[in-house]
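Per-entry structural report
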Amino acid sequence: GEGAKPYGKPAAGARSYGKPADGEKRYSRPAGAGTASRSEGAKPYGKPAAGARSYGKPADGEKRYGRPSGGSRPVGSSPRPFNRSPRPFGAGNRPSSRPPYGRAPEAVETTGLTLNARRVALDVLQEVHEKGAYASLSLNEHLQKAKLIPEDRRLVTSIVYGTLENQLRIDYVLDKLMEHPTREAVQRDILRMSAYQILFLERVPDSAAVNEAVKLVKVMGMEAASGFINAVLRNLVRGKDTIEWPKREDGVPEYISIMSGTPLWLTERFIEDYGEEEAEKLLMTRNVSFPVVVRPNMTKLSDEQFEALLRRKEMSFEKGVAPHSYLLTGVSELALDKDYQNGLFSIQGQSSILAAEAVQAARGMKVLDACAAPGGKSAYLCEKMEMTGRVYAWELHEKRVLLLEAAKRRLKLENLRVLVRDATEYREDWDATLDAVLLDAPCSGTGVLAQKPDIKLRLKEEDISAIVNTQKKLLHTLCRYVKPKGLLVYSTCSILPEENALQIKTFLEEHPEYALEPLPLSFPESLRMRQGAYGVQLLPYRDQVEGFFIARLRRTR
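What counts as what
Residues numbered from 1 in each chain as written. Predicted model: local features only at pLDDT ≥ 70, side-chain atom pairs only at ≥ 80, totals over all residues. Heavy atoms only, no water. Helix = DSSP H or I, 4+ residues; strand = E, 2+ residues; numbered from the N terminus. Buried < 20%, exposed > 50% of the residue type's maximum accessible area, 1.4 Å probe, protein only. Contact = heavy atoms within 4.5 Å. Areas by Shrake-Rupley, 256 points an atom, 1.4 Å probe, with all protein chains shown as cover. Phe/Tyr/Trp six-rings, centres within 6.5 Å; stacked < 30°, edge-to-face > 60°. Lys NZ or Arg CZ within 6 Å of the ring centre and 35° of its normal. Salt bridge = Lys/Arg side-chain N within 4 Å of Asp/Glu carboxyl O. Axes fitted to C-alpha atoms, helices over the stretch in contact; angles between N-to-C directions. Parallel < 35°, antiparallel > 145°, perpendicular 65-115°, else oblique. Nonpolar A, V, L, I, M, F, W, Y, C, P; charged D, E, K, R; others polar. Core = buried A, V, L, I, M, F, W, Y, C linked by side-chain atoms within 4.5 Å. pLDDT = per-residue confidence, 0-100.

1. Some words on the overall build of the protein
- On a plain count of helices and strands, the protein comes out with 20 helices and 12 strands.
- Put simply, the protein has 557 residues, and 44% of those count as buried.
- Relative to all contacts within the protein whose residues are 6 or more apart in sequence, the contacts with residues 24 or more apart total 70%.
- Counting every atom, the protein has about 30400 Å² of accessible surface; 51% of that belongs to carbon and sulfur.

2. Focus: the packing of aromatic side chains
- Within this structure, the stated rule accounts for 14 aromatic pairs.
- When the ring of Trp 394 is compared with that of Tyr 481, the centres are 6.2 Å apart and the planes differ by 75°; the resulting orientation is edge-to-face. Taken as a pair, Trp 394 in strand S6 (residues 390-395) and Tyr 481 in the loop between helix H17 (463-478) and strand S9 (482-492) lie far apart in primary sequence, 87 residues in all. Taken as a pair, Trp 394 and Tyr 481 share a single burial class, namely buried.
- In this structure an aromatic cluster arises from ring pairing among Phe 306, Phe 317, Tyr 326, Tyr 340 and Phe 345.
- Lying over the aromatic face of Trp 245, Arg 169 brings its terminal NZ or CZ to 4.5 Å of the ring centre.
- Arg 480 extends its terminal NZ or CZ atom over the ring of Tyr 426, reaching a point 4.0 Å from the ring centre.

3. Observations concerning the pattern of salt bridges
- Taken as a whole and judged by the stated rule, the model has 29 salt bridges.
- For the salt bridge of Arg 269 with Glu 461, the shortest nitrogen-to-oxygen distance reads 3.9 Å. Here Glu 461 lies in the loop between helix H16 (454-458) and H17 and Arg 269 lies in helix H9 (residues 264-274), a separation of 192 residues in the sequence.
- Classification of Arg 269 by relative accessible area gives buried; the value is 18%.
- Put simply, Lys 377 and Asp 440 hold a salt bridge, and the shortest N to O gap is 2.9 Å. Residue Lys 377 is located in helix H14 (residues 376-384), and its partner Asp 440 is located in strand S8 (residues 434-440); the two are separated by 63 residues in the primary sequence.

4. Quick look at the packing of helix H4 (residues 167-177) against helix H5 (residues 185-200)
- Where H4 contacts H5, the axes come no closer than 10 Å and their chain directions differ by 100°. The angle between H4 and H5 places the two elements in the roughly perpendicular class. Of the residues in H5, those in contact with Gln 167, Arg 169, Ile 170, Asp 171, Leu 174 and Asp 175 of H4 are Arg 188, Leu 191, Arg 192, Ala 195, Tyr 196 and Phe 200.

5. Brief notes about the packing of helix H8 (residues 252-260) against helix H10 (residues 276-284)
- Taken N-terminus to C-terminus, the directions of H8 and H10 make an angle of 10°; their axes are 10 Å apart at the nearest point. Comparing their axes, H10 and H8 come out roughly parallel. Along its contact with H8, which presents Val 252, Tyr 255, Ile 256, Met 259 and Ser 260, the element H10 presents Glu 276, Glu 280, Leu 283 and Met 284.
- Residue classes in the contact of H8 with H10 are distributed as six nonpolar, one polar and two charged.

6. A look at the nonpolar core
- Within the largest apolar cluster, 61 residues are counted, with the highest numbers of intra-cluster contacts made by Phe 270, Val 359, Leu 538 and Ile 550.
- The dominant element in this core, judged by the number of residues it contributes, is H8, at five residues.
- Ranked by size, the runner-up nonpolar core spans 42 residues in total, among them Leu 139, Val 156, Leu 201 and Val 204.

7. As for the confidence of the model for the protein
- For the protein, the mean per-residue pLDDT works out to 84, and 79% of the residues sit at or above 70.
- Contacts from residues 1-108, a stretch scored under 50 in pLDDT, to residues over four places away or in other chains number 56 contacts.

8. Notes on the environment of Glu 212
- Within the secondary structure, Glu 212 sits in helix H6 (residues 206-219).
- A relative accessible area of 5% means that Glu 212 is categorised as buried.

9. Here's the deal with unusual backbone geometry
- Put simply, Ala 373 and Pro 374 share a cis peptide bond, and its omega is 10°.
- Summarising the element assignment, Pro 374 is placed in the loop between strand S5 (366-369) and H14.
- Look at Lys 485: it is not a glycine, yet its phi comes out positive at around 75°.
- With respect to the helices and strands, the residue Lys 485 is situated in strand S9.

Now the structure itself:
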């Protein structure tokens, strides 16, 4: 009004908004300048007028958070637009962070994932499906670029791996909800990651998963598809408790395939090799969470000292099956740990440790790790040799050689020599020069499907024969570098017999100068007892380690 003072010093005679006047409520509106006019006889914002309802208990039939009577909109009137312009600040209009009087703030459910984080999850899924990328490498790259907070990083990782792990089950359900299932790549992956949250993540509100999927579609420039995405996901929410999943009695291969998220051809191969019951255990037994496996740098810490370090860090751990291994739970971002960065310990899977332990590396030896990246086994060999002798680490791909170099720097592996080399190419000057060769051969990866679910989506039936041929060529070439009485250790992260026991059977038939050697006493007895005529096959659900095959072969002449 005329003569009203701005929000600076109050007008002469007006009370400032500090101490209230005698007898006045602290939070009542001051009279005079800056006060909005009221109708005659209206009560101040203190005690309500006689007969008026206070804003405590609602009247019968009225919603608690409804609009107070007198100022409500007539029934049937159009709602106010959400983008209406705010009233300008002026006389009687104080800015406030509180919601309008008589209206409660709306509760908005979210998945807990920012739009940027959801975009990261979508980009990774797109690269896996459209470009054949490895989920772990793509995820690491995108997370580093996005610079997300740790909570977002964990949830993105959970959604990416959970969606890939359950993709066949998700597609099975989505296809039943669409008369003409979409094959548009971006829309399909948005539906998949949203359906994963609705079907498998109890902590994520269904409505939030739907709403955020619609927002993501719009951000991706597909606003015309938002109604379709919304309809499909809302139908899924309504019908998720009555989904008719495949039944075992209607066909075992089809049942295991869909319920385990494994392609039918691979399911049938597992059944052929292991039988229905064992194949079902192999494909459907999943750990809810995979513990992180760590081991001490054996040149700096004993197992006892490492356990003391873990206790000081207040990390929950238990001893693993493999020598020097410890299983951590409830940890993340471990690569950022200062002691890790300073080379006091390494992150390495138990089966990888067992493969390196099978070499029985000792001081002064000359050893080749033929397919060495990312470097865990090479580091293990160097440490067992107490930084003496020489460990050669060969790797075919230059990008993966960078991983070996990083491990060498972090752990200060003075006896490690890293080289970019194709191990299938024979080098005469290396003939009979090595005490041991470790060949952790390229393989199908069928032993680590639980940790790397994108493998089963990328692997094709015709790939197996090419993989087997590469393994055979590597064995035939590398076995010539071993000295008489030396050792050749062959390992894979596969559970397919043609890559493992049958591969070694063929090798021994073609190379009578080699013989199978028993597993060392440093292996747990439970694993040593499982060794067969051509090596030991480790199974995840049974042996509590990654699915691996290990064979020790001694050159006898």
